[in-house]
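Structure at a glance
Each chain is listed here by its residues.
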Amino acid sequence: MSGGTVGGGLGPRADMVKQETPLGERIGATLGRLRPGQPALVDAAGSVLLVAFALVGFQTTFWGWAWTVPAALGILLGLACAHVGATFRWPAALTALLVVACYFVLGGPIAARGDLAVGAFPTGATFHDLALVPVVGWKQMLTTVPPLDSRGALLLLPFLIGLVGTALTHGVARRFRPAGAALAVPLLLLGLSIALGTLVPASLLVQGVGFALAATVWASLRAHRNRPPLQNGAGRTTRFATATALLAVAGLSGWFVGPVLPGHAADSRAVWRTGMKPPFDVSKFPSPLAGYRKYTEPNPAQLYDRPLLTVQGLPDGVPLRFATLTSYDGSVWGAAQPELLGDPGAGFRRVGSHIANRAPGEEVTATVTVPQDGYSGVWVPTAGAVTGIDFTGPRADTLADQLRFNTDTGTGVLPDELQPGSSYRLTFHRPPAPPEDLPEQLPTATGSLVDTGSLTFLDTALDRLGREAPDPWQQLRTVAHTMRDEGAYTDGDPTSYERSYLPGHSLGRLERFLAASQLAGDDEQYAATLALVASRLDIPARVVLGALPSGDVVKGKDVHAWVEVQRPDGSWLTILPSEFVPKHNKKPKQQQQRTEQKRIGALVPPPASNNPPSVLQGPDQAQNDTQVRKKKDDNKLNPANWPAWLRILVLYVALPLLVLLLLYAGLLAWKARRRGRRRHQGPASVRLSGGWATLLEAARELRIPVTRRATRYEQARELEPVVPAAPVLAGAADRFVFGPDEATDEDIDAYWHQVEQERSRLRGRASWWACRRADLTLRTERWQDRFDQRHTREPVRGHGPGSTGDGRPVRPPRTTGGRRPEDPTREQVPTS
């Protein structure tokens, strides 16, 4: 063996060759090794195709095709990392570090492009997204209503899956010979893309037929590569025809039989997002209906004549919806999703600028702007069946990230609230115009959205207001018209006798409202009562707080509450306030109010200025005002209080380096423990064999080729150019292992001392990078596993030079006749 073949700068001849070889030639030789051969090209094509077919499942998750750019670049980078690692026979850990480096260095410019410096260089916010998305990005994706915007940090997910998936697929294909070994990772990626997708399949042709054909062809080519050159069997033409026929039968069978198999229909398709319950709880926000009177006059808020919103592009007659209230707990109507709707995963979810909402009607785009001293609240005004909300202005990114939307009710929530200066483009399907007069006949759905067990007090009112009608809808229609015609309107003017008509719509307030000889209240009491009457009649009903604008400017006097009832097809009919609320100039009679006061009892003092809590708030939540802010955290140990440069230095530089150093130290300690176990455990002969195995392990870690199944003398001859004492150590091991004399502890200590010296000398001649690579490799550990598992077993004596370096006899090579051929060139080495 010549010194020029030893890696890492070992031996004087290796140093001489390294000095004589020009740098350009060494670079050219290195680049020449990177040139892939035909097997590598086949594996690269198979890896790229299968991973690309698997990632097609994200087409229904993201909007448009912009997500394919980071996914494709991730596939190419993963292929390059795996090819470099396989070509230079890097350990898997080093290849993984290269993949991680590509993700953190190139992930920002490729996918998370929002926080780059000078448009190309990652910043602290970019590294924060890169570190956070692999951990919590999956939850954000599953709790966001598809399609997701093809921008922002979530684009890192297809980039990351393409990068890691291709690196694993191509790395396994290059390092393992079995034909089907490389198909495991693409199959897992295919299942992952389907599980992270939607109920609508992305492409049955690509992910079904295309993936199966590509996997079959690639596995066939790999199997053909591993076939021995001499074999019996059918010719190439026969095998090709058989494979073509099998593929054709499989493809046709899947095409015709697949649609009738279980699980093909969309309603039986199971993905992770269908069982993902959103963590967002809308019940922590006050019910907007409880604060209705701040839009009336007189009121300290003075919003009656103040412009709240400017809406450009809203068609005439289309109501503007603030919040849809679907649940009632006896205190307030709230926006929380009732369990009676049947979908536990439905509710307020994260959405992008595009919202999947299929509804009839013309698509309309309107621009909503909050003027100075205008609307302020967590509820986002919308209209119709919303298909997109795109925020503009300085807070656009923050509002878009915090928006939660309920596609069933068309209600949006912003925890940071809309404030003056906020603006957004609203895209929606124009709803049908609400009827000005309620039809006499209307089929309705059945089933109440609220618990009607506590609504028995409505029966008396129904008997008085409209029980004589023949069917539930006509009864509801009669009740609505009776309330409008016989009732009175009052906002509880605190400067007049009307101050006794209090706000609220709890069971007690509504019972007083209905018990009066003349109904008196505003939109809050009338809408809450009518919706509860519909629920008592087993008609699904909900309350909507919104505005009925007469122009581009929405004022407080345009805000109203109305009721919606559900039809059998799932659509909702709007019952405008003009159908059940009296005219504003129809005030309650003062004499009637005094009579009612005497009959009902003392007045309850007015409530606090803060709005009541929402429907699902418990006692603890009700005591907390939503406007209370957390106290500033002055803890210096909290990273949130550190400067940005310090957070980047500690969290993204020092901490990862510390983790890597701890892993490196743990690996060194584990290897040292293995050497100590070989030296001190087992019989004397086994401990001596362990010393020789340790020397072989050090050589193989430094990429010095040593024949695995050879005698110690043969292995010593291979090591002699770099370990001159190898023949002496091999002879000593053979003498004590196979000879009649038993080694003493002094002999073993002396032997191991010389082994450690040669090992240190061997590593001292290698380069610094070669030593670090040797420390990280685990292939030699797998090579010595069998020896360590038998370290308590006595070696078989008598084999002499016919034994291998770890004490096993050399097996004769197999021939066609089963006889061991004579090798006249083989030297006979004495055992002593």
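Scroll up to find the structure.
All of the points below concern the structure found in this document. It should be emphasised that the depicted structure is a prediction, and the values quoted were computed from it without experimental measurement.

**Some details on the overall build of the chain**
The secondary structure content of the chain amounts to 25 helices and 18 strands. Residue pairs in contact within the chain that sit at least 24 positions apart in sequence constitute 77% of those at least 6 positions apart. Accessible surface, the chain: about 42500 Å² in total, of which carbon and sulfur atoms supply 58%.

**Considering the pattern of salt bridges**
Going through the model one piece at a time under the given rule, you end up with 18 salt bridges. Linking R225 and D43 is a salt bridge whose minimum nitrogen-to-oxygen distance equals 3.1 Å. Here D43 lies in helix α3 (residues 38-55) and R225 lies in helix α9 (residues 204-225), a separation of 182 residues in the sequence. The salt bridge partner of R761 is E758, with a shortest N-O separation of 2.7 Å.

**Here's the deal with the packing of aromatic side chains**
Any two aromatic rings considered together are summarised by their centre-to-centre distance and by the angle between their planes. Counted according to the given criterion, the structure contains eleven aromatic pairs. Here W768 and W769 contribute two aromatic rings whose centre-to-centre distance is 5.0 Å and whose plane-to-plane angle is 85°, an arrangement assigned as edge-to-face. By the burial criterion, W768 is exposed, and W769 matches it. Taken together, the ring pairs connect F58, F62 and W67 into an aromatic cluster. A cation over a ring is seen here: R542 above W572, with NZ or CZ 3.8 Å from the ring centre. One residue, R674, lies across the ring of W670, its end atom 5.3 Å from the ring centre.

**Thoughts on the packing of α3 against helix α7 (residues 156-175)**
Two elements in contact, α3 and α7, have axes separated by 9 Å at closest approach and are oriented at 145°. As α3 packs across α7, the resulting crossing turns out to be right-handed. Listed contacts from α7 to A40, D43, A44, S47, V51 and L55 of α3 are P158, I161, G162, G165, T166, T169, H170, A173 and R174. Partitioning the contact of α3 with α7 into residue classes produces seven nonpolar, six polar and two charged.

**Quick word on a nonpolar patch on the surface**
A grouping of L97, W645, L649, L651, V653, L655, L657, L658, V659, L660, L662 and L663 is seen on the molecular surface, where their side chains present a nonpolar patch of about 1100 Å² in accessible area. Ranked by residues supplied to the nonpolar patch, first place goes to helix α18 (residues 644-680) with eleven residues. Here L663 lies in helix α18.

**Points about the sheet that holds strand β15 (residues 541-547)**
In a beta sheet, neighbouring strands pair by backbone hydrogen bonds and run either parallel or antiparallel. Taken in spatial order, the four strands make up an open sheet running β3-β15-β17-β18, and their pairing is antiparallel. Since the sheet does not close on itself, it has two edges, and those belong to β3 (320-325) and β18 (572-575), each with one partner. Sheet twist, expressed as the mean angle between neighbouring strand axes with direction ignored, is 35°. Sheet topology places β3 next to β15; five bridges connect them, and they run antiparallel. Bridge assignment links A323 to a residue of β15, and that residue is L545. Contacts from helix α15 (residues 523-536) reach β15, β17 (559-566) and β18 within the one sheet, and its direction differs from that of β17 by about 5°.

**So, the side chain of T490**
Positionally, T490 belongs in the loop between β13 (488-489) and α14 (507-515). Setting aside anything within four residues of it in sequence, one finds T490 in contact with R293, E498, Y501, A520, G521, D522, K587 and P588.

Calculation notes
Residues numbered from 1 in each chain as written. Predicted model: local features only at pLDDT ≥ 70, side-chain atom pairs only at ≥ 80, totals over all residues. Heavy atoms only, no water. Helix = DSSP H or I, 4+ residues; strand = E, 2+ residues; numbered from the N terminus. Contact = heavy atoms within 4.5 Å. Areas by Shrake-Rupley, 256 points an atom, 1.4 Å probe, with all protein chains shown as cover. Salt bridge = Lys/Arg side-chain N within 4 Å of Asp/Glu carboxyl O. Phe/Tyr/Trp six-rings, centres within 6.5 Å; stacked < 30°, edge-to-face > 60°. Buried < 20%, exposed > 50% of the residue type's maximum accessible area, 1.4 Å probe, protein only. Lys NZ or Arg CZ within 6 Å of the ring centre and 35° of its normal. Axes fitted to C-alpha atoms, helices over the stretch in contact; angles between N-to-C directions. Left-handed = near helix turned anticlockwise from the far one by under 90°. Nonpolar A, V, L, I, M, F, W, Y, C, P; charged D, E, K, R; others polar. Patch = residues over 30% accessible without salt bridge, like charges linked within 9 Å, V, L, I, M, F, W, Y side chains within 5 Å. Pairing = 2+ DSSP bridges.

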